[in-house]
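Report on the structure
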Amino acid sequence: SPNSQPVSDTIVKWIGQKNADILNVFLPNLSGQSFFAVTHFDMANPGQAGLIAGMRSKAGIDTGEAGVNKLKSTWPDFIKQGTTGVGKVEGVDYQWIKGPGASDKICVARVSGWIVTAWGEATVQDWLQRFHKKAVTPSLAQNPDYQKSISRVGANPMTLLYLDYHAVLALSQQQIARTNP
């Protein structure tokens, strides 16, 4: 719609045309389901944070390969300077890219219609174990505070932002203790 053009222009300015072009490969084929999560964070090693994002494609469409190829063609210098490869974790194949000087790989896997991008193989493994209900650590779905939040927004919210304030408070206290002994 013409009314949304200023918003679209602002987003493209913010993320850059190359990144917008990559998103345009994925977006037409997505179902609308997506997520972004910080799975773990250690103030002492912020570069080792567990970051993961997933987008679900429409039934019968697999845009993962097209997206990875678009990423490679859009940022060829990044690919030349870094390394790429393939791996397997929890029985799932994934492709990875590691930029020069990066502390970990960016991993892209396709699982049951989801295109999942994560910072490091350990994050992919953690998500896959949770997805297949094999994780040894507690699931967010089992968290009473999360369940209370879900009950307040209903069964099908358009967007849900959940922040585990207990974990954030604990991290903040650790950082304050480190910086103010």
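Position numbers for residues start from 1 in each chain and track the written sequence from start to end. For this predicted model, a pLDDT threshold of at least 70 governs which residues receive local features, and a threshold of 80 or more governs which side-chain atom pairs are given and counted, while totals over whole chains, interfaces and linings are taken from all residues. The side-chain values count all of the structure's non-hydrogen atoms but skip hydrogen atoms and water molecules.

Comments concerning the pattern of salt bridges
Should a side-chain nitrogen of Lys or Arg be within 4 Å of a carboxyl oxygen of Asp or Glu, the pair is scored as a salt bridge. Counted under the stated rule, the structure contains 2 salt bridges. Where aspartate 126 meets arginine 130, a salt bridge forms, and the shortest distance between an N and an O atom there is 3.2 Å. Of this pair, aspartate 126 and arginine 130 both sit in helix α5 (residues 121-131), separated by 4 residues, roughly a single helical turn. Burial classes follow relative accessibility: with a 1.4 Å probe on protein chains only, a residue under 20% of its type's maximum area counts as buried, one over 50% as exposed, and anything between as partly exposed. Residue aspartate 126 is classed as buried on the basis of its relative accessible area, which comes to 16%. The exposure class of arginine 130 is partly exposed, given its relative accessible area of 32%. Here a helix means four or more residues in a row that DSSP labels H or I, a strand means two or more in a row labelled E, and each is numbered from the N terminus.

Some remarks on a nonpolar patch on the surface
On the surface, a cluster of nonpolar side chains totalling about 390 Å² of accessible area is made up of Phe36, Val38, Phe41 and Leu51. Among the residues examined, leucine 51 registers a relative accessible area of 34% and is labelled partly exposed. A residue counts toward a patch only above 30% relative accessible area and without a salt bridge, and it is joined to like-charged neighbours within 9 Å or, for Val, Leu, Ile, Met, Phe, Trp and Tyr, to nonpolar neighbours within 5 Å. All accessible areas in this document rest on Shrake-Rupley with a 1.4 Å probe, and a residue is counted as covered only by the protein chains that are shown.

Quick look at the packing of aromatic side chains
How two aromatic rings sit relative to each other is given by the distance of their centres and the angle of their planes. Two aromatic rings from Phe, Tyr or Trp, using only the six-membered ring of Trp, form a pair when their centres are within 6.5 Å; if the ring planes differ by under 30 degrees the pair is stacked, by over 60 it is edge-to-face, and anything between is tilted. Within this structure, the stated rule accounts for 1 aromatic pair. The side chain of lysine 105 reaches across the aromatic face of tryptophan 96, ending 4.9 Å from its centre. Only when the NZ of Lys or the CZ of Arg is both within 6 Å of the ring centre and within 35 degrees of the ring normal is a charge said to sit over the ring.

Description of unusual backbone geometry
With a phi angle near 50°, serine 112 is a residue other than glycine that sits in the positive phi range. Assignment of secondary structure puts serine 112 in the loop between β5 (106-111) and β6 (114-119). Here the phi dihedral of lysine 133 falls at roughly 55°; this positive angle occurs in a residue that is not glycine.

Limitation: the analysis is restricted to geometry and does not speak to function.
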